[in-house]
Amino acid sequence: MNRLRALPRVHIGQRIVKSALSVGLCFLIYVLRGHHGLPFYSALAALQCMQPLRESTQRMAAQRFSGTMTGAAFGLVILMLNQRVLLRLPLAYLWYCLAVSLAIVAALWTSAVALRRKNAAYFSCVVFLSITMNHIGDENPYLFVFNRVADTLIGIAVGMTVNRFHLPQRRRRDVLFVTALDDVLLGRTSTLTDYGRVELNRMLEEGIPLSVMTMRTLASFLEVMSEIHLRLPVILMDGAALYDPANNRFLEKRELEYDQAVELTGRLRRLGVDVCQNAIIGNSVLIFYQHEPEGMQRALYDRLRRSPYRNYIHRPLPEGERVVYLMALDRQEKIGAAYRALQDAGDTERYKVLCYPSDEYEGYAYLKIYRKDATKLGMLEALKAHTGYEKVHTFGSLPGQYDEFIPNATGDRVVRRLKREYEPPIWRNNFNL
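What comes next is a walk through the structure. What you see as residue numbers is a count from 1 along each chain, following the sequence as written. Note on the predicted model: pLDDT of at least 70 is required for a residue's local features to be given, and 80 or more for side-chain atom pairs to be given and counted; whole-chain, interface and lining totals, by contrast, use all residues. To obtain the side-chain values, all non-hydrogen atoms of the structure were used and water was disregarded.

This paragraph deals with the overall build of the chain. Numbering of helices and strands runs from the N terminus, with a helix taken as a DSSP run of H or I at least four residues long and a strand as a DSSP run of E at least two residues long. Along the chain, the regular secondary structure elements total 16 helices and 13 strands. In terms of C-alpha radius of gyration, the chain reaches 30 Å, well past the compact-globule figure of 22 Å for 433 residues. Reported as C-alpha extents along the three principal axes, the dimensions of the chain are approximately 100 × 60 × 50 Å. In the chain, which comprises 433 residues, the share counted as buried stands at 47%. When contacts within the chain are restricted to residue pairs at least 6 apart in sequence, those whose partners lie at least 24 apart make up 69%. Asp and Glu are treated as the negative residues and Lys and Arg as the positive ones, with His and the ends of the chain left uncounted. Note on charges: their place is set at NZ of Lys, CZ of Arg, CG of Asp or CD of Glu. Computed over 55 positive and 42 negative side-chain charges, the inter-centroid distance for the chain is 8 Å. Only C-alpha atoms enter the radius of gyration; for comparison, a globular chain is expected to reach 2.2 Å times N to the power 0.38, where N is the number of residues. Classification of residues uses two cut-offs on accessible area relative to the type maximum, computed with a 1.4 Å probe and protein chains only: under 20% is buried, over 50% is exposed, and between them is partly exposed. Here, two residues are considered to be in contact whenever any of their heavy atoms come within 4.5 Å of each other.

The following block contains the structure:
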């Protein structure tokens, strides 16, 4: 019984259903054609074109078509050469094998180099070998070449048609959907599942107005969301910056003045806490630090500096340069004492100061200081202004702060809720619920 509970839940998605439907249609077309050709090749092409996204479907169809035509052309040449020349030579089969081997080189070069379709090279070889190795003795091998091409084209057409088919439904494009990232869209593992990645990209491809808000920096955001094709601006650094991923530029910044950053850095230094000064210069994030990191600070620095998205600079903050936020990592007791000192000085009233334990380093904590108005809700208004949306629907894990409270979220759960709001079920459309 315990073993049965451990088995994964059976979930048959649309792509699986469409794949089965495509195979069935290929068999039906085979019957309607009077049993000409081989439905195996049609079904195979249809399944290969059953990609999760429209762009990848079109790309696969083009590769499959290109490879089929290349392989069929070279296969036809070899069959003609065999019938008209090679069969008249001694050791004809050995000459035929040599011709097939040399033609493989030509087929690969044509696909990968001449046509610049490297992924089609494999398909061209499969088609070529199916023609030259299995049908050398046919009375009319040219008929097989024709049917082989026709079967593939039928499969491509069926796969693309079925994959593009959707039941009629209304999609909500009048609402801007904004979801928190950590512990919400990414779940507890800070990663997206295959389902979440595919469904998000599909909805984005179809035009969902989607943005995210997160405490993450630009580098951390790009590392975890590089495979998601977001088009609208996103809120980063806990509301301190609005970033446009489509054009790789910052649209809004809530920055500390140079004098404020220097004063806070000096005060924390006197308390024994070293900070990094995160500044946006142009459209790049530069991280200035003045003292060589030690202990866990060194471990954090060594881990993060390898990222191509982070730029650490060992020098004082340039004169007059503003700072998006200050950050320190140290032992919890030292960070706690620094936070209390900032409280006593009234800095927690003048600035937004966050103090929280580190998930990666036990016994350590982070201290971050932002401008007072650097908030997600404040930057959400800027996001609405830049995108032109008046209605917003938010998802998050803090009760009372979002339109939909998502406790103990997994990424898949949030994606399904998002999908339900963006593509309401037919019964909701019909009854205006």
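What follows deals with helix α11 (residues 296–304). Among all positions in α11, only Q297, L300, Y301 and L304 are buried. Along the axis of α11, the buried residues cluster in a sector spanning 100 degrees; they form a single face. Where the residues of α11 are buried, they touch β7 (284–289), β8 (311–314), β9 (325–331) and β11 (364–371). This arc describes the spread of directions from the helix axis toward the C-beta atoms.

Attention now goes to the packing of helix α5 (residues 92–114) against helix α6 (residues 120–134). The axes used here are C-alpha line fits, helices contributing only the stretch in contact, and every angle between their N-to-C directions lies in the interval 0 to 180 degrees. Contact geometry for α5 and α6: axes closest at 9 Å, N-to-C directions at 155 degrees. When the axes of α5 and α6 are compared, the pair comes out roughly antiparallel. Both α5 and α6 take part in a crossing whose hand is right-handed. Every residue of α6 that contacts α5 at Y96, V100, A103, I104, A107, L108 and S111 is listed here: A120, A121, S124, C125, F128, L129, T132 and M133. Amino acid classes used here: Ala, Val, Leu, Ile, Met, Phe, Trp, Tyr, Cys and Pro are nonpolar; Asp, Glu, Lys and Arg are charged; the rest, including Gly, are polar. Per-class residue counts for the contact of α5 with α6 are twelve nonpolar, three polar and no charged. Roughly parallel means an angle under 35 degrees; roughly antiparallel, over 145; roughly perpendicular, 65 to 115; everything else is oblique. Throughout, a crossing is termed right-handed when the near helix is turned clockwise from the far one, and left-handed when it is turned anticlockwise from it by less than a right angle.

On to the state of the cysteines. Note on terminology: pairs of cysteine sulfur atoms within 2.5 Å are recorded as disulfides. Evaluated as defined, the whole model comprises zero disulfides. Between C97, a free cysteine, and C125, which holds the nearest cysteine sulfur, the sulfur-to-sulfur gap is 16 Å. Classification of C97 as partly exposed rests on a relative accessible area of 28%.

Turning our eyes to something else, we now look at the side chain of R64. Inspection of the secondary structure puts R64 in helix α4 (residues 54–84). By salt bridge we mean one thing: a side-chain nitrogen of Lys or Arg within 4 Å of a carboxyl oxygen of Asp or Glu. Put simply, R64 is tucked away with no salt bridge, and the nearest opposite charge, on D151, sits 9.9 Å away. Here Q48 takes part through its side chain, which lies 2.3 Å from a polar atom of the side chain of R64. In this structure R64 touches L44, A45, Q48, F123, V127, R148, T152 and I156, once residues within four positions along its chain are discounted. Polar contact is defined as a pair of N or O atoms within 3.5 Å, subject to the rule that within protein one atom must be able to donate a hydrogen and the other to accept it, and that residues adjacent in sequence are counted only when both atoms are side-chain atoms.

Moving on to the pairing of β9. Judged by how many residues are buried, β9 sits mostly within the fold: six of seven residues are covered. The pairing criterion for strands is at least two bridges between them, as found by DSSP. Two strands pair when backbone bridges link them, and β9 and β11 are joined in this way by seven bridges, in the antiparallel orientation. Paired with A328 across the bridge in β11 is L367.

Turning our eyes to something else, we now look at the sheet that holds β9. Strands pair in a sheet through their backbones, by hydrogen bonds, and they do so in one of two ways: parallel or antiparallel. With mixed pairing, six strands are arranged side by side in an open sheet as β8-β7-β6-β9-β11-β10. What marks the edges here is a single partner per strand, and that holds for β8 and β10 (351–357). Taking the axes of each pair of neighbouring strands and ignoring which way they run, one obtains an average angle of 25 degrees across the sheet. The pairing of β10 with β11 spans seven bridges and is classified as antiparallel. Across the sheet, the residue bridging to Y356 is Y366, located in β11. Sitting on the sheet, α11 is in contact with β7, β8, β9 and β11, with an inclination near 130 degrees to β9. Across the sheet, helix α12 (residues 332–344) lies against β9, β10 and β11, angled at about 30 degrees from β11, the strand it touches most.

Function cannot be read off these values alone, since they describe shape.
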